[in-house]
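# Notes for the structure review
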Amino acid sequence: MLQSFIKNKFSKSISLRLFSHVLPRVGLDIAEPLIFEQGLEGCIGVDIEDRDPNVKHRLGDLQRTSKIGLPNLNEVQVVRHFSKLSRYNYGLDTGLYPLGSCTMKYNPRINEVVCRIPSLLNSHPFLPTDAVQGSLGLIHRLAQDLLKITGMNSICMSPAAGAHGELCAMQTIAQAHQKQGNTHKKYVLIPDAAHGTNPATCTMAGFKVRVVKSTKDGKIDFEDFKKKCKDDVAGAMITNPNTCGLFEKDICKIADLLHEKGAYLFMDGANMNALMGRVFVSDLGIDAMHMNLHKTFSTPHGSSGPGSGPVVFSEKLTKYAPIPFISKEGDEFKTTEIDETGNSFGRMKAYYGQIGIHARTLAYILAMGNGLAAVSGDAVLNANYLKHKLQDTISVGFPNNKYCMHEVLFCERFLKNTTITTLDFAKAMIDAGFHPPTIYFPLVVHGAMLMEPTESESKESLDDYCKTMINIAKLAVSGKHDEEFHNTPMAAPIRRTDETRAAKFPILTYQEK
Ligand SMILES: *Cc1c(COP(=O)(O)O)cnc(C)c1O
């Protein structure tokens, strides 16, 4: 009975009703209550000696009189709670993870061995530089490799994520203008397809956003860009390949135009997995670019961390870049903590960056060597394979482009005669055992589904994914299952959540009901 339920997730099977007296237990996938909602009052997992009633409390009158508010669980309950939660993790290690723009690629296990070397793991950022020569050498070597990969002039290793790297780049551009007395340069040009972090960063760095339109092919409208690139423009933030998975062919013309106006070009390098080993971004006229080590260079990520977003700079911007940086003199690695020229805008954060991520990234680069070009090649090939297999069933966002780069954008046009939305489709994928792609981003198409398979997937796994996607799409357009689609996912312990509310009004402490 249960088996038929698992096989036939799109109809509420009799078996579900049969087992309804034990729900929400289905299979062994059990909805886990909060740790505060379980256990019995007074239950604890450790033995604490009873307090001697004759000894006066050392805190005098300051002892707590209200309840402490800790969960009441024994040891087994604690272990079960966290083990169950760990099984809710979905990651590349459990299956295909086609989240567009996120580059969810396999993190080779050698990375984990390397970053756990005890001397690296246990070193403290306050140790004197002669005691951490190995760590400094590691960061320096990685910095040199990233410069080699990008062809750029200098690098800042400290930013803690992609968005932090963007801020680092834009603050450097702001500093350059300030030092040059360009007080009239207040605007930054950003395409309408940009990642939300771009306009947010621009605003945080003190600039105003001027939006540039996309063409009907999903690329920057160069004429619109030209019109908006006036004397008051400080720079532009361009993602390449863009968030539609398309290469911005006008990038060099865009760079020239900006430079003529005394403005700088920042490239959002989160999509380097399409370019790595194939193009020196320095050849594109870029002045600053952040890289997401936790995307392109295989280090694990998700749920807000850890990340690392180093920024590379052109020669023009180098002197305004932040401190600290590491240099090599003879056999010794030195750190520069104070900028004596007075040009640098300061620091992004304490210390030198995410050493654990740096170690994993260097391990990945050394293991791959020249194979980094094969990585980007395979990533682009896999995305085009998905596009080719799915495009007759699921509408491509911008069908005029023959090829895509490392990700492919679909939209909900194929669902137009149904009441099914992209959200319903994505939730149905969960019932069918696949993690959904990125949905409703970018905003330039209706009901976007952005898929990025990365180079980690085999042909077999892509075929399996496509077969399921096509089956779901056929059920969707048949017009017979709208109601069921609205009710998906049925086989997940938690079904539809109000994600906007969760993001905007998170409740971060337990509130007793
Ligand atoms: C992921 C991403 C970012 C932000 O990176 P975080 O590390 O999540 O801050 C910025 N731009 C694009 C295009 C991205 O895909």
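Treat the numbers as computed from the prediction; the structure is a model and nothing was measured.

Quick notes on the rules
- Residues numbered from 1 in each chain as written.
- Predicted model: local features only at pLDDT ≥ 70, side-chain atom pairs only at ≥ 80, totals over all residues.
- Heavy atoms only, no water.
- Phe/Tyr/Trp six-rings, centres within 6.5 Å; stacked < 30°, edge-to-face > 60°.
- Helix = DSSP H or I, 4+ residues; strand = E, 2+ residues; numbered from the N terminus.
- Buried < 20%, exposed > 50% of the residue type's maximum accessible area, 1.4 Å probe, protein only.
- Pairing = 2+ DSSP bridges.
- pLDDT = per-residue confidence, 0-100.
- Contact = heavy atoms within 4.5 Å.
- Near = heavy atom within 4 Å.
- Polar contact = N/O pair within 3.5 Å; in protein donor to acceptor, adjacent residues only side chain to side chain.
- Areas by Shrake-Rupley, 256 points an atom, 1.4 Å probe, with all protein chains shown as cover.

Applying the stated rule across the entire model yields six aromatic pairs. Measuring from ring centre to ring centre gives 4.6 Å for phenylalanine 36 and tyrosine 510, while their planes differ by 5 degrees; the resulting arrangement is stacked. With a gap of 474 residues between them, phenylalanine 36 in the loop between α2 (14-18) and α3 (75-87) and tyrosine 510 in the segment after α18 (499-504) connect regions that are remote in the sequence. The class for tyrosine 510 is partly exposed, based on a relative accessible area of 31%. When the ring of phenylalanine 434 is compared with that of tyrosine 465, the centres are 5.4 Å apart and the planes differ by 75 degrees; the resulting orientation is edge-to-face. Placement of phenylalanine 434 in the loop between α15 (422-431) and β11 (438-439) and of tyrosine 465 in helix α16 (residues 459-477) is noted, with a sequence separation of 31 residues between them.

In this section: the sheet that holds strand β10 (residues 408-410). Reading across from one edge, β10-β12-β11 is the order of the three strands in this open sheet, with antiparallel pairing throughout. Each edge of the sheet is formed by a strand with only one pairing partner; in this case those strands are β10 and β11.

Of all residues in the protein chain, 93% have pLDDT values of 70 or greater, and the mean over the chain is 91. Contacts for the low-pLDDT stretch residues 1-15, under 50 throughout, to residues beyond four places or in other chains number 23 contacts.

As a matter of local geometry, the ligand sits amid 13 residues, with Ser101, Gly162, Asp268, His294 and Lys295 nearest to it. Between asparagine 292 and the ligand, the recorded distance is 3.0 Å, taken from a side-chain N or O atom to an oxygen atom. Within the complex, 86% of the 380 Å² of free accessible area of the ligand lies under protein. Within the residue set of the shell around the ligand, elements represented by two or more residues are α7 (162-179) and α11 (293-296). The element contributing the most residues to the shell around the ligand is α7, with three residues.

Let us look at unusual backbone geometry. A cis amide bond links asparagine 240 to the next residue, proline 241, at an omega of -10 degrees. Positionally, proline 241 belongs in the loop between β4 (233-239) and α10 (251-260). Positive phi is not limited to glycine here, since serine 298 has a value of about 75 degrees. Checked against the element boundaries, serine 298 lands in the loop between α11 and β7 (311-313). Although it is not a glycine, tyrosine 440 sits at a positive phi angle of roughly 60 degrees. Along the chain, tyrosine 440 falls in the loop between β11 and β12 (449-451).

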